[in-house]
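Here are the chains, one letter per residue:
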Amino acid sequence: MSRTQEERSEATRATLTQAGRKLFGTQGFYETSIDQIVQEANVTKGALYHHFAGKKELFVAVTDEVEAGVMRSALATLRPEDPSWVQIETGVLHFLGLCVDPEIQKVLLHDGPIVLGWERWHYSERRFGMGTVYERMVTIEGLENVNQPTMNVLANMFAGVLMEAAKTIAYSDDPEKAREPASILMKHIIKAIRNSAAEMAALK
């Protein structure tokens, strides 16, 4: 059965996104040209500009896809029967492990903040990760009684530290080695949050 125009259009967009992901993830955004992308995707420039305003817009689509994949991968490691703090620790350590992947480094942590700009990049990483962090953190024993403004501060600061740890790994000369102390420190930060639950719950 022949595909509809909409299906063909979606297939072309997906092909372009995959081509962009391959090239951006290996060469980087600035080293990748439109000509390389359409050649890799085996489509015309007109097809690319039909789906994306330009290379930056294609990069946005690639970034969203990579971030969504990272989130799915991290969530897949969680066990519902584990306490919330264990789930957070498990997800965090898995995420830091993913940060040694060259594709994730190039797309999300090297080029992402520069190409997208801080505000758009910050929104993107919060959109995929912030909700999950907040959902689990608020159910940690003792934190369920913390008021929402305090929880917002806590969750945002935690997510900020986590992203700084990720960037530190990505920019290291030895990402695998840098991941070890980053993982230890994040575990201690999670422990400190648990230990300060009662104090934060007392805030009005």
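Residues numbered from 1 in each chain as written. Predicted model: local features only at pLDDT ≥ 70, side-chain atom pairs only at ≥ 80, totals over all residues. Heavy atoms only, no water.

Student: When you look at the side chain of Thr 17 in this model, what are you seeing that I'm missing?
Tutor: Relative to the helices and strands, Thr 17 is located in helix H1 (residues 5-26). Assessed through its relative accessible area of 6%, Thr 17 is described here as buried. Contact partners of Thr 17, with chain neighbours within four places excluded, come to Phe 52, Leu 58, Ala 61, Val 62 and Glu 65. (Helix = DSSP H or I, 4+ residues; strand = E, 2+ residues; numbered from the N terminus. Buried < 20%, exposed > 50% of the residue type's maximum accessible area, 1.4 Å probe, protein only. Contact = heavy atoms within 4.5 Å.)

Student: What am I meant to see in the packing of aromatic side chains here?
Tutor: When we look at a pair of aromatic rings, we describe it by the centre distance and by the angle of the planes. Scanning the model with the defined rule gives four aromatic pairs in all. Ring plane angle 35° and centroid distance 5.6 Å describe the contact between Phe 24 and Phe 29, whose orientation is recorded as tilted. We classify Phe 29 as buried; its relative accessible area is 7%. Seen from their ring centres, Phe 29 and Phe 59 are 5.3 Å apart, and the 70° between their planes marks the pair as edge-to-face. Separated by 30 residues along the polypeptide, Phe 29 in the loop between H1 and helix H2 (34-41) and Phe 59 in helix H4 (residues 55-76) bring together distant segments of the chain. Comparing Phe 29 with Phe 59 shows no difference in burial state: the two are buried. Aromatic ring contacts, followed pair by pair, group Phe 24, Phe 29, Tyr 30 and Phe 59 into a single cluster. The ring of Trp 85 has Arg 194 sitting right over it, with the charged end atom 3.9 Å from the ring centre. (Phe/Tyr/Trp six-rings, centres within 6.5 Å; stacked < 30°, edge-to-face > 60°. Lys NZ or Arg CZ within 6 Å of the ring centre and 35° of its normal.)

Student: Would you mind going over the nonpolar core with me for this structure?
Tutor: One broad rule of soluble globular proteins: the nonpolar side chains tend to lie buried together. Phe 24, Phe 95, Leu 96, Leu 109, Met 137, Leu 143 and Phe 158 are the most contacted members of the largest nonpolar core, which has 52 residues in total. The element contributing the most residues to this core is helix H8 (residues 148-171), with nine residues. Not counting chain neighbours up to four residues away, the residues in contact with Phe 24 comprise Phe 29, Thr 32, Ile 37, Lys 55, Leu 58, Phe 59, Val 62, Lys 106 and Val 107. (Core = buried A, V, L, I, M, F, W, Y, C linked by side-chain atoms within 4.5 Å.)

Student: It is not clear to me how the pattern of salt bridges should be interpreted in this structure. Could you clarify?
Tutor: For side chains of opposite charge, pairing can occur when their charged atoms come near one another. Within the structure shown, the criterion is met by eight salt bridges. One salt bridge connects Glu 103 with Arg 21, and the closest N-O pair in it is separated by 3.0 Å. Of this pair, Glu 103 sits in helix H6 (residues 102-116) while Arg 21 sits in helix H1, placing them 82 residues apart in sequence. Here Arg 21 falls in the partly exposed class, since its relative accessible area comes to 22%. Connected through salt bridges with shared partners, the residues Arg 21, Glu 65 and Glu 103 form a single ionic network. (Salt bridge = Lys/Arg side-chain N within 4 Å of Asp/Glu carboxyl O.)

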